[in-house]
Amino acid sequence: MIGLISATAAGAAARDRLTAAWPDRTRVYDGPVGDAVRRAFAECEQLVCFLATGAVVRLIAPLLGGKASDPGVVCVDEGGRFAVSLVGGHGGGANELAREVGELLGAEPVVTTATDAVGVPGLDTLGLPVEGAVAAVSRALLDGEPVALRNESRWPLPPLPVAGEGAYAIRVTDRLVEPLTEREVVLRPPTLVVGVGASKGAPVEEVLELIEGSLREAGLSPKSIAHLATVDVKAEEAGIVAAAERLGVPLVTHSAEELAAIEVPNPSDAPLAAVGTPSVAEAAALADGGELLVPKRKSAAQPAMATCAVVRRPARGRLAVVGLGPGARDLLTPRAKAELQRASVLVGLDQYVDQIRDLLRPGTRVLESGLGAEEERARTAVAEARKGQAVALIGSGDAGVYAMASPALAEASDDIDVIGVPGVTAALAAAAILGAPLGHDHVSISLSDLHTPWEVIERRVRAAAEADIVVTFYNPRSRGRDWQLPKALAILAEHREPATPVGVVRNASRPDESARLTTLAALDPATVDMMTVVTVGNTATRDIAGRMVTPRGYRWQEGAK
């Protein structure tokens, strides 16, 4: 919950804008400002104070406990010009909150956290438990000193400006090790799956003691537990459920049939009779594959009411297929930007890389190539992900529309995680410029026959023409392909009037954008190139006040005429 505190009418007006935008996230604290701040500080995860920063500093100073426990605090000035991340930039989420508040209020977010200011990810913001000399190693990264990365788990990480060797080190491991020096940080990746079986009524203390003892004896850190796993009939077993809650990890369940099919080293007749599978702990731990580190163990109680086994799951690389939109920076989605900054390896066409190079974090490895190397880029991106990297494969518009998602997913298998990030397509960008040409059913067709036989393309154009569907042509004409667009237009002309509106948009959303509205009969194909999107209306499309509009064509509209 975000506590909101204001002292003036201007502050209250800005406060009310936040409550209207975030009704379920915010709580207004009224009354004397000092009391309101103290109550909000104790009750909320974050605060937004519409007060001077000096006043807030004096009010919260006696309340501060530590960066791990303090709420994030953002201050907004009286004029609503700045949203200042004051306390808890990383741990309390104040940096991100300042950006969100700034976006809603039109204020400039002010973030002074050193790592955020220079684009280096904070070691405490990587989504992994962290131990050791966080401040010292972060300072070394900021100062450009050599920091070694020892990723024992090959876990995908954001880009870090690291070296092969150095006086400082970042160690990524699930092993139970202490930082070796005052210059080392240990990151705990979620690599361990703990399979758990339990008799009805098994105490949570017995389950926890078994899990923690098994990990300790195997030299493994409980901070690297990804989840507990068990058979689905034990999904409500109180001891197992409570153990997962205390460890702060999810509980994943599998059917007895699924577990019975998994080969284990220590099957038993007891669970087979009780729940229908010869193994619960080992089979549940191995359900998603991996290396069995701790075979089935029983708790020390007499009689033993719990069993567990521990598996190290294989590290999975991460491939984000990112659509950059049509070119304008403000049409690049926040999700796409976040994925670009999360990736340690970027793969893309050189001209697309140039569009977003300034958004990449220091240390990002860029693998770029020229036109015509789509399949090579797809193979490269998948190969890097299989090495355990966090990879972003970029394409223009939406990566799934005539772009990189299709060749990449054809190359990828289920040994990596794939995340699709949608983007604004050229068809949509052009349509927004033209008016509303896609108001009813529509289709996109690429006229490039480099990889698709013309016979197939022509059949699709004829089907769209006969079905009276609005058509957007991608890749309409190049120097080496100058007859396909006239042919496609001729096919459409067999079914549509010469006056049918046609929209022509070149470089949609880019500085040299141009757009014009013409007709099917008047369009000169010679004025079209590969940077152009051509949208041909259907029989209902109209030119209304210079805008291309396709009515939605619903019955209620007919009755309203």
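### Comments concerning helix 12 (residues 334-342)
So, point 1. Listing the buried residues of helix 12 in full gives A336, E339 and L340. Along the axis of helix 12, the buried residues cluster in a sector spanning 100°; they form a single face. When the buried face of helix 12 is taken as reference, the exposed residues oriented beyond 90 degrees from it are P334 and R335.
So, point 2. The secondary structure elements touched by the buried residues of helix 12 are strand 16 (318-323), strand 17 (345-349), helix 13 (350-356), strand 19 (390-395) and strand 20 (417-421).

### Examining the nonpolar core
In a soluble, globular protein the nonpolar side chains are often hidden away together inside.
So, point 1. Core analysis: the biggest nonpolar cluster contains 23 residues, and V194, I211 and L228 have the highest contact counts within it.
So, point 2. Contributions of two or more residues to this core are made by strand 11 (192-198), helix 7 (204-218), strand 12 (225-231), helix 8 (238-247) and strand 15 (306-312).
So, point 3. In terms of residues, this core owes the most to one element, helix 7, which gives six residues.
So, point 4. The residues contacting I211, other than those within four sequence positions of it, are V194, V196, I225, L228, L247 and C308.
So, point 5. Listed in part, the 21 residues of the second largest apolar core include L447, V471, V502 and V528.

### Some details on unusual backbone geometry
So, point 1. Here Q302 and P303 are connected by a cis peptide whose omega angle stands at -5°.
So, point 2. Along the chain, the position of P303 falls in the loop between strand 14 (291-298) and strand 15.
So, point 3. Although it is not a glycine, N507 sits at a positive phi angle of roughly 55°.
So, point 4. Summarising the element assignment, N507 is placed in the loop between strand 24 (501-506) and strand 25 (514-519).
So, point 5. Notably, S509 is not glycine yet its phi reads approximately 75°, a positive angle.
So, point 6. Mapped onto the fold, S509 is located in the loop between strand 24 and strand 25.

### Examining the packing of aromatic side chains
So, point 1. Summed over the entire model, instances satisfying the criterion amount to two aromatic pairs.
So, point 2. On the numbers, 4.7 Å between centres and 55° between planes, the contact of Y402 with Y474 is tilted. Of this pair, Y402 sits in the loop between strand 19 and helix 15 (405-411) while Y474 sits in strand 23 (residues 470-474), placing them 72 residues apart in sequence.
So, point 3. Ring plane angle 70° and centroid distance 5.1 Å describe the contact between W454 and W483, whose orientation is recorded as edge-to-face. Of the two residues, W454 is situated in helix 17 (residues 454-466) and W483 in the loop between strand 23 and helix 18 (484-493); the sequence distance between them amounts to 29 residues.
So, point 4. With a relative accessible area of 10%, W454 lands in the buried category.
So, point 5. The ring of W22 carries R25 above its face, with NZ or CZ at 4.3 Å from the centroid.

### Here we look at the pairing of strand 24
So, point 1. With five of six residues buried, strand 24 is to be regarded as a mostly interior element.
So, point 2. Sheet topology places strand 24 next to strand 25; six bridges connect them, and they run antiparallel. Bridge assignment links V505 to a residue of strand 25, and that residue is A515.

### A word on the sheet that holds strand 21 (residues 435-436)
So, point 1. The mixed open sheet is built from three strands, whose spatial order is 21-28-27. Edge positions in the open sheet fall to strand 21 and strand 27 (542-544), since each of these has one partner strand only.

### Structural notes on the pattern of salt bridges
So, point 1. One pass over the structure, following the stated rule, counts 30 salt bridges.
So, point 2. Salt-bridge contacts for E237 lead to K234; the nearest nitrogen and oxygen are separated by 3.6 Å. Note on accessibility: E237 and K234 belong to one class, buried.
So, point 3. Note that R357 and D354 form a salt bridge whose closest N and O atoms lie 2.7 Å from each other.
So, point 4. You can call R357 partly exposed: its relative accessible area is 36%.
So, point 5. By sharing partners, the salt bridges in this structure join R15, D16 and D30 into a single network.

### So, helix 8
So, point 1. Along helix 8, the residues that are buried comprise G239, I240, A242, A243 and A244.
So, point 2. Contacts from the buried residues of helix 8 go to strand 11, helix 7, strand 12 and strand 13 (251-254).
So, point 3. Following helix 8 by one or two positions, G248 has its phi on the positive side, about 70°.

### Looking at the environment of I491
So, point 1. The topology assignment puts I491 in helix 18.
So, point 2. With 29 residues separating them in the primary sequence, I491 and R462 have C-alpha atoms 6.3 Å apart.
So, point 3. In this structure I491 touches E458, V461, R462 and A465, once residues within four positions along its chain are discounted.

### Focus on the sheet that holds strand 16
Each strand in a sheet pairs with its neighbour through backbone hydrogen bonds, running either in the same direction (parallel) or in the opposite one (antiparallel).
So, point 1. Sheet architecture is open: five strands sit in the order 18-17-19-16-20, paired in parallel fashion. Strands with a single pairing partner mark the edges of an open sheet, and in this sheet they are strand 18 (365-369) and strand 20. Each adjacent strand pair in this sheet contributes to an overall mean axis angle of 15°, direction not counted.
So, point 2. Strand direction decides the pairing type here: strand 17 and strand 18, joined by five bridges, are parallel. Pairing of L346 across the sheet is with V366, part of strand 18.
So, point 3. Packing against the sheet, helix 12 makes contact with strand 16, strand 17, strand 19 and strand 20, and its axis sits at approximately 140° to strand 16.

Reading the values: rules and limits
Residues numbered from 1 in each chain as written. Predicted model: local features only at pLDDT ≥ 70, side-chain atom pairs only at ≥ 80, totals over all residues. Heavy atoms only, no water. Buried < 20%, exposed > 50% of the residue type's maximum accessible area, 1.4 Å probe, protein only. Helix = DSSP H or I, 4+ residues; strand = E, 2+ residues; numbered from the N terminus. Arc of directions from axis to C-beta. Contact = heavy atoms within 4.5 Å. Core = buried A, V, L, I, M, F, W, Y, C linked by side-chain atoms within 4.5 Å. Phe/Tyr/Trp six-rings, centres within 6.5 Å; stacked < 30°, edge-to-face > 60°. Lys NZ or Arg CZ within 6 Å of the ring centre and 35° of its normal. Pairing = 2+ DSSP bridges. Salt bridge = Lys/Arg side-chain N within 4 Å of Asp/Glu carboxyl O. Axes fitted to C-alpha atoms, helices over the stretch in contact; angles between N-to-C directions.

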